[in-house]
Amino acid sequence: MDLRERLTNVFRYVFHDDSITLNDDMTADDIEEWDSLSHVNLLLAIELEFGFEFLQREIQDLENVGALVRIIESKLA
Amino acid sequence: MLTKNFAYACLTEKCELGLGAQVALHWINNDLTAVDYTYQDFEDSSNQLANVLAGFDIQAGEVVSIFLPRSEQLISAFFAIQKLQAMSCILFSTLGEEAMLDRLENSGARVVITKKSLLRKVLAIKDALPQLKAILVIDLDAHQGGQVYSLPQLLSEAGTGFDYQHYVDPETPAFLQYTSGSTGKPKGALHVHGGLAEMQQTIGEIMIIEPGDLYWCTADPAWITGLVYGIILPFSLSIRQLQFSGGYNAEKWMQILDDQGVNTWYTAPTALRMLMQEGEFTFSKHAFAALKHIYSVGEPLNPEIFHWGKKTFQKEIYDTWFQTETGCIMIANKPGLVVKPGSMGKPRAGIEIRICDDEVKPVPVGKQGYLTLRAGWGSMFRTYFQKDKEYQDKFRQGFYFTGDLAKQDEDGYVWYISRSDDVINTAGHLVGPFEVESALLEIEEVSDVAVIGVPDELLHQKIIAFLVLRPGETWEKALELKCRIHVSNKVSSFAMPSDFVITDKIPKNQSGKILRRVLKAQYDGTDAGDLSTME
């Protein structure tokens, strides 16, 4: 499974929605349940899935899914 | 004597008076683009929707639920429902499936109006709601079958005229707003069209909004504040207002406040506390020249926020107090009344409060007691829908017990102490421990649970869950995530515990009641007091 598939599964698990399909431009405005509280769940789930921990500076300006993918790629590199 | 239907007072009468073309709402999208909606726009769109609902044979007194984020469609839907003399029931779009089910089951909702991104939650519980006739989806292109209809398609076939009774019996049910109790499931406080006059009195008496002033209420309409002070009052009193479709965002909020020239701003202490954490630059680049008055509601306003607000905006923040059950502001600070920071202010004219003991006897000045209100004010809730016994239990000797503990000082100012029950007020949301506990008990690794609220600097109270795990289970990050996600999806994101404490046993009395004070003491590291009743 590639990174995007794994990330899609994380989103589907966190937001309890199997219809979620990610694209780079997607933001919290595109998923109704993606608020500041569930964002914490999302980050925690990503950390568990990919086996690393985010640094505060890495997550404070996450503008969309594309930015999230780039951070994960850099952490896994 | 008859009273104006909310829809007549807010829309139709405006159009009859020649104000149809006047802007009723300046809507600001999340990207800060804006759209203006006139009274006539809402009159027409609510007429169309009323025709659609009538097509589903919605009768007076039946419930139509609106499960949408704040939007112009939500407002149109509210008025359409009023025109049918049906009852609206607006639900937070963040509610999870079980929380939805509790509310839709209790209300017996016949129709749910929602959007595609929320449809999944409604479909998940639809089969448990035999009374539900239709699900109308505002952004679906075509009917889906299985009771799921495209609202645009239905609207395209509906007329913009709709005859309805402009004047109704004052006791005609108008809306249900759900609130949580310390035990059992959420309760729907029923409000009537006759409450309008009392609600309107609070503008002018508490909220000073001069003709032409721009007003902004930040509350979601699923809150009583958002419905009464964000829709009913600005519309019925022709107050120029804006609404922002996005949630809390410090930069955008300050930009809106300043650029739009907001004169009167009604917001919540949690939002103000979040703003307090922002850097100076967030505020220093704005002049807030138009801002005249700031009001807050939802949780007690700490003196620190009051002083910060005065420094940042050069304005006092007037804390106001009311509940879903009271329908409008009952106790408040206001311009012209010296503010005692941290106080709720004074009761409104005509509102009699009593700080009393269990026997409804007044306690001495300065002493803590139950905050009660003499029953009978116009905007008072009329019952808890389908739970009249619980409604009756809220009254003793003609006084409504609010569930808050307070004291009153020698000058008549009221000071909030805490809740007298186990309800948790987190960021202005009242959360019943029972709802969260029920969700957590569904997790297979959990064998027992108890939930408490503890003080929090940002949220007023945060939710703490004590868990007993089944033998062989261990607490790890993945299980914590599972618990958080489950509560979020079943109840709501705002009901998620901030902290989990793993324990061997939940303290209970001999009849099985959770001793929450023992857990609070355990969490705080303080003395739990008398433990003689513990099992």
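Every value quoted in this text rests on a predicted model; they were computed, and no experiment measured them. (Residues numbered from 1 in each chain as written. Chains lettered and ligands numbered in written order. Predicted model: local features only at pLDDT ≥ 70, side-chain atom pairs only at ≥ 80, totals over all residues.)

K.L.:
Before we move on, could you go through the interface of chain A and chain B and cite the residues and values that matter?
P.N.:
Listed per partner, the contact involves 13 residues of chain A and 18 residues of chain B. Examining the composition of the side of chain A that touches chain B, we find that 6 residues originate from one element, helix H2 (residues 36–50) of chain A, more than from any other. The residue inventory of the side of chain A that touches chain B, partitioned by class, reads 5 nonpolar, 3 polar and 5 charged. (Contact = placed C-beta atoms within 7 Å. Helix = DSSP H or I, 4+ residues; strand = E, 2+ residues; numbered from the N terminus. Nonpolar A, V, L, I, M, F, W, Y, C, P; charged D, E, K, R; others polar.)

K.L.:
Just give me the short version of the sheet that holds strand S16 (residues 317–321) of chain B, but keep the residues and values in it.
P.N.:
All names here are of chain B. Taking strand neighbours across the sheet as the criterion, the 9 strands line up as S3-S2-S13-S12-S14-S15-S16-S17-S18 in an open arrangement whose pairing is mixed. Looking at the sheet topology across the chains shown, the edges are occupied by strand S3 (34–38) and strand S18 (346–347). Both strand S2 (residues 23–28) and strand S13 (residues 240–244) contribute to a ladder of 3 bridges, which runs parallel. Among the inter-strand pairings, His26 is bridged to a residue of S13, identified as Leu242. (Pairing = 2+ DSSP bridges.)

K.L.:
Which residues make up the sheet that holds strand S6 (residues 111–114) of chain B, and what are the values?
P.N.:
Strands belonging to one sheet form pairs held by backbone hydrogen bonds; the direction of such a pair is parallel or antiparallel. Residue and element names in this part refer to chain B. If you trace the 8 strands from one edge of the open sheet to the other, you get S8-S7-S6-S4-S5-S10-S11-S21, paired in mixed fashion. Unpaired on one side and paired on the other, strand S8 (148–150) and strand S21 (383–384) mark the two borders of the sheet. In this structure, strand S4 (residues 63–66) lies alongside S6, joined through 3 bridges in parallel fashion. Bridge assignment links Ile66 to a residue of S6, and that residue is Ile113. Most of the contacts of helix H3 (residues 72–83) go to strand S5 (residues 87–90), to which it runs at about 155°, and overall it touches S4, S5, S6 and strand S10 (173–179). (Axes fitted to C-alpha atoms, helices over the stretch in contact; angles between N-to-C directions.)

K.L.:
Give me the lowdown on the environment of Leu479 of chain B, citing residues and values where you can.
P.N.:
Topologically, Leu479 of chain B is positioned in helix H15 (residues 477–490). Expressed as a C-alpha distance, the spacing of Leu479 of chain B and Val446 of chain B, which sit 33 residues apart in the sequence, is 9.8 Å.

K.L.:
Which residues make up the domain arrangement of chain B, and what values go with them?
P.N.:
Residues and elements named next belong to chain B. The domain boundaries assigned to chain B delineate domain 1 (3–12 + 38–168) and domain 2 (424–524). Taken over C-alpha atoms, the centre of domain 1 sits 34 Å from the centre of domain 2. Facing the 7 residues of domain 1 at the interface are 9 residues of domain 2. Here the residues of the side of domain 1 that touches domain 2 are counted per class, giving 3 nonpolar, 2 polar and 2 charged. (Domains from an automatic or database assignment.)

K.L.:
Mind laying out the confidence of the model for chain A, listing which residues take part and the relevant values?
P.N.:
Here chain A shows a mean pLDDT of 90. Residues at 70 or above account for 100%. Looking across chain A, the model is least confident in helix H3 (residues 56–59) of chain A, with a mean pLDDT of 82, and most confident in helix H1 (residues 3–15) of chain A, with 94. (pLDDT = per-residue confidence, 0-100.)

K.L.:
Got a sec to walk through the packing of helix H14 (residues 433–441) of chain B against H15 of chain B? Specific residues and values, please.
P.N.:
Residue and element names in this part refer to chain B. Between H14 and H15, the least distance of the axes is 9 Å, while the angle of their chain directions is 125°. Judged by the inter-axis angle, H14 sits oblique to H15. Once H14 is placed against H15, the crossing between them reads as right-handed. Counted together, Val436, Ala439 and Leu440 of H14 and Cys483, His486, Val487 and Lys490 of H15 form the full contact between these two elements. Tallied by class, the residues present in the contact of H14 with H15 amount to 5 nonpolar, 1 polar and 1 charged. (Parallel < 35°, antiparallel > 145°, perpendicular 65-115°, else oblique. Left-handed = near helix turned anticlockwise from the far one by under 90°.)

K.L.:
Requested: an account of the environment of Arg70 of chain A, with residues and values cited.
P.N.:
Residues and elements named next belong to chain A. Mapped onto the elements, Arg70 comes out in helix H4 (residues 65–76). The exposed category is assigned to Arg70, around which 12 C-beta atoms lie within 10 Å. When the C-alpha positions of Arg70 and Asp24 are compared, they lie 9.9 Å apart, and in sequence the two are 46 residues distant. (Buried ≥ 20, exposed ≤ 12 C-beta atoms within 10 Å, placed from the backbone.)

K.L.:
Could you give an account of the nonpolar core, naming the residues involved and the relevant values?
P.N.:
Residues Ile113 and Val436 of chain B are the most contacted members of the largest nonpolar core, which totals 155 residues. At 8 residues, helix H8 (residues 224–236) of chain B tops the list of elements feeding residues into this core. When residues of this core are sorted by domain, at least three fall in each of domain 1 (3–12 + 38–168) and domain 2 (424–524) of chain B. Apart from the residues lying within four places of it in its own chain, the contact partners of Val436 of chain B are Val431, Val451, Ile463, Ala465, Val487, Val491, Ala495 and Pro497 of chain B. By size, the runner-up hydrophobic cluster in this structure holds 16 residues, among which are Leu7, Val10, Phe15 and Leu68 of chain A. (Core = buried A, V, L, I, M, F, W, Y, C linked by C-beta atoms within 7 Å.)

K.L.:
Which residues make up H2 of chain A, and what are the values?
P.N.:
In a regular helix each residue adds 1.5 Å, so 15 residues correspond to 21 Å; H2 of chain A covers 21 Å between its end C-alpha atoms and thus fits that length. Buried within H2 of chain A are the following residues: Ser38, Asn41, Leu42, Leu44, Ala45 and Ile46 of chain A. Elements that come into contact with the buried residues of H2 of chain A comprise H1 and H4 of chain A together with H15 of chain B. Directly after H2 of chain A, the chain includes Gly51 of chain A, whose backbone phi takes a positive value near 75°. (Expected span 1.5 Å × (residues − 1).)

K.L.:
Which residues make up the pairing of strand S15 (residues 293–296) of chain B, and what values go with them?
P.N.:
Residues and elements named next belong to chain B. The two faces of S15 match: His293 and Tyr295 on one face and Ile294 and Ser296 on the other face are all buried. Where strand S14 (residues 264–267) and S15 come together, 4 bridges link them in parallel fashion. When the bridges of S15 are listed, Trp265 appears paired with Ile294. Bridge count between S15 and S16: 3 bridges; the pairing is parallel. When the bridges of S16 are listed, Tyr295 appears paired with Tyr318. Note on the crossover from S15 through helix H12 (residues 303–313) to S16: the handedness is right-handed. (Right-handed = clockwise from strand over helix to strand, strands pointing away.)

K.L.:
Which residues make up unusual backbone geometry, and what values do they have?
P.N.:
All names here are of chain B. The backbone of Asp57 sits at a positive phi, close to 60°, despite the residue not being glycine. Mapped onto the elements of the fold, Asp57 is located in the loop between helix H2 (39–55) and S4. With phi around 50°, Ala427 is a residue other than glycine that occupies positive phi space. Mapped onto the fold, Ala427 is located in the loop between strand S25 (424–426) and strand S26 (429–431).

K.L.:
Describe the pairing of strand S23 (residues 399–408) of chain B, listing the residues and the values that go with them.
P.N.:
Residue and element names in this part refer to chain B. Relative to S23, strand S20 (residues 369–374) runs antiparallel, the two being bridged by 5 bridges. Residue pairing in the sheet places Thr372 in a bridge with Phe401 of S23. Summarising the sheet, strand S22 (residues 395–396) and S23 pair through 2 bridges and their orientation is antiparallel. The partner of Phe395 across the bridge, within S23, is Tyr400. Here S22 folds back onto S23 in antiparallel fashion, the turn holding 2 residues, of which Gln397 has a positive phi close to 50°. Counted along the chain from S23 to the antiparallel partner strand S24 (residues 414–419), the turn is 5 residues long, and its residue Gly412 has a positive phi close to 90°.

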